[in-house]
Amino acid sequence: MSKGTKEIVAGEERRNSLVFTDGTRLETDVIVFSAGIRPRDELARASGLAVGERGGVRINSQCQTTNPDIYAIGEVRAVAGAHLRLVAPGYQMAEVAARHLAGEAPCSSSAPT
């Protein structure tokens, strides 16, 4: 919509009314919030690690960065040029990295997505 929301107030015909910074309004019964997460990859950039074009530290299938001694998991990592904003993949990636560090073969269900 390319609009900034200034406030949410009671609607006249619908439950809510979104008041935008340009003064326009949108009445609706349902509001869905999506909190954006941006990967904090400043340290990786300063260290010379490769990052994705949209941010995030690039990793391989064992969660290693371009420095094989450094792993990245969770919201900071980028796989196939994208970063996911969910906690569950981070848990799976922690398992993949731990198995790799322990010299174990990764299980197929724990591969980064």
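Residues numbered from 1 in each chain as written. Predicted model: local features only at pLDDT ≥ 70, side-chain atom pairs only at ≥ 80, totals over all residues. Heavy atoms only, no water.

(A) Fine view of the sheet that holds strand β1 (residues 5-10). The sheet built from three strands is open, its strands ordered β1-β2-β3 with antiparallel pairing. Strands with a single pairing partner mark the edges of an open sheet, and in this sheet they are β1 and β3 (25-28). Mean inter-strand twist for the sheet, computed between neighbouring axes without regard to direction, equals 20 degrees. The pairing of strand β2 (residues 16-20) with β3 spans four bridges and is classified as antiparallel. When the sheet's bridge partners are listed, S17 is paired in β3 with E27. (Pairing = 2+ DSSP bridges. Helix = DSSP H or I, 4+ residues; strand = E, 2+ residues; numbered from the N terminus. Axes fitted to C-alpha atoms, helices over the stretch in contact; angles between N-to-C directions.)

(B) Broad picture of the environment of R54. Positionally, R54 belongs in the loop between α1 (42-46) and β4 (57-58). According to the relative accessible area criterion, R54 is exposed, its value standing at 53%. Linking R54 and P39, residues 15 residues apart in sequence, is a C-alpha distance of 9.2 Å. (Buried < 20%, exposed > 50% of the residue type's maximum accessible area, 1.4 Å probe, protein only.)

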